Amino acid sequence: MRRSIEGAVVVITGASRGIGRATARLFAERGASVVLAARSEEALLEAAAECEVRGGRALAVPTDVAEWGSVEGLVRRAVEHFGRIDVWVNSAVLAAVGRLEEVPPEANRRIVETNLLGYIHGAQAALPHFRQQGSGVLINMSSGFGLVGVPYAGAYTATKFAQRGLAQALRGELRGTGVHVCTIMPGGVDTPAYRLAANYSGRAAGPDSFLASPERIARVVVRCAESPRPEVVVGNSVRTLRLTHTLFPGLVERAVGRTIEQGFLREEPEEPTPGNLFEPLPEWAATDGGFNEEARHRAVLRARRAAAVGASVIGPSILTWFLLRTKRRGRR
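A short tour of the structure in this document, coming up. None of the values given here were measured: they were computed from a predicted structure. The residue count restarts for each chain, going from 1 along the sequence in the order it is written. It should be noted that, the model being predicted, local features are given only for residues of pLDDT at least 70 and side-chain atom pairs only at 80 or more, the latter also being counted only at that level, while totals for whole chains, interfaces and linings use all residues. Excluded from the side-chain calculations are hydrogens and water; all other atoms, namely the structure's heavy atoms, are used.

### Some words on the pattern of salt bridges
A side chain of one charge can pair with a side chain of the opposite charge when the charged atoms of the two come close.
Inference 1: Any carboxyl oxygen of Asp or Glu that lies within 4 Å of a side-chain nitrogen of Lys or Arg is treated as forming a salt bridge with it. Enumeration according to the criterion identifies 13 salt bridges in this entry.
Inference 2: A salt bridge links Glu50 to Arg21; the shortest N-O distance between them is 2.8 Å. You can see Glu50 sitting in helix H2 (residues 41-53) and its partner Arg21 sitting in helix H1 (residues 18-29), a full 29 residues away along the chain. Residues Glu50 and Arg21 agree in their burial class; the two are buried.
Inference 3: A salt bridge links Glu50 to Arg25; the nearest nitrogen and oxygen atoms lie 2.8 Å apart. With Glu50 in helix H2 and Arg25 in helix H1, the pair connects residues that are 25 residues apart, well separated along the chain. The same class applies to Glu50 and to Arg25, which are both buried.
Inference 4: Counted as one network, the salt bridges with shared partners bring together Arg21, Arg25, Glu46 and Glu50. Under the scheme used here, helices are H or I runs from DSSP no shorter than 4 residues and strands are E runs no shorter than 2 residues, and both carry numbers assigned from the N terminus. Burial status follows relative accessibility: with a 1.4 Å probe on protein chains alone, a residue under 20% of its type maximum counts as buried, one over 50% as exposed, and anything between as partly exposed.

### Considering the sheet that holds strand S4 (residues 87-90)
Inference 1: The rule for pairing is simple: two strands pair if DSSP sees at least two bridges between them. The strand order across the open sheet formed by 7 strands is S3-S2-S1-S4-S6-S7-S10, and the pairing between neighbours is parallel. The sheet is open, and its two edges are formed by strand S3 (57-62) and strand S10 (231-234), each paired on a single side. Taking the axes of each pair of neighbouring strands and ignoring which way they run, one obtains an average angle of 15° across the sheet.
Inference 2: Here S4 pairs with strand S6 (residues 136-141) via 4 bridges, running parallel. Considered in S6, the bridge of Val87 is made with Val137.
Inference 3: Here a residue-residue contact requires only that any non-hydrogen atoms of the pair lie within 4.5 Å. Here the axes come from fitting lines to C-alpha atoms, over the contacting stretch only for helices, and the angles between their N-to-C directions go from 0 to 180 degrees. Lying over the sheet, helix H4 (residues 105-133) contacts S4, S6 and strand S7 (179-186), oriented at roughly 175° with respect to S4.
Inference 4: Along the sheet face, helix H5 (residues 154-173) touches S6, S7 and S10 and points at about 160° away from the line of S7.

Any functional reading would require information that these geometric values do not contain.
As structure tokens, then:
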């Protein structure tokens, strides 16, 4: 049965940028009240203002989801302000690039605390309210790399697999309660997460191809809130990857490794950086990371080069053909 989003109270973690921010905007456009949670208060206030302009009510609550007390405070503020919680979206994410042994232990710990323990905290905080109401939707934002592992992001990959397992476990506990748990697994998305990720690989890193927009994933989140589904894989590339890995796991894992080494990791060196693991960064407080714009720019440059090469080859050929044709006519 389709649920109405208008008037619903939605808590979104990781709401200061990327998918979380795009999701908050869309819920607000549909008439929901949104509670925005992330570490950066400044970015949250900007996001909350965007939501109110779109017609929703918004509350910004600075929150570190890795800290249970912080999540308890988030729930308390949400209930005090709006009276209840109808939907909870776990969307906070941290990542680090590098071989597992290259990434400092404290960095891996921070990723696990945010991406996994943060999701557990969100579930523990929301579920008592959902059970009492006899309804509610918990949505976990996982990844296509929760289906097939990605090298050079060991801790991130481990948490994405674990998020899916957490949701499966909770669905078993919540049968017959009217409470739903959904896991969303998109492929690559143009978000600032890549810009803000820690990097210990010694090489610059980032996607170089077109990615899904955060707004596309936000639409999937809202549809799950309206019509809950246990698992949603977003994108044909992820579905294909999932199927082929089932059939040819070794082949697919080697191919994914080569793709990361040759496409995501770049030739130019880069000094190690903790990114936004331990402190929120003001840069890229937006929904997208600008990667699709860069990809479009590269595509235009390639097209111009191809056109220039074509002109340099075709132009003289046409001129030669014209001269020869003129010469033949003169002979006649």
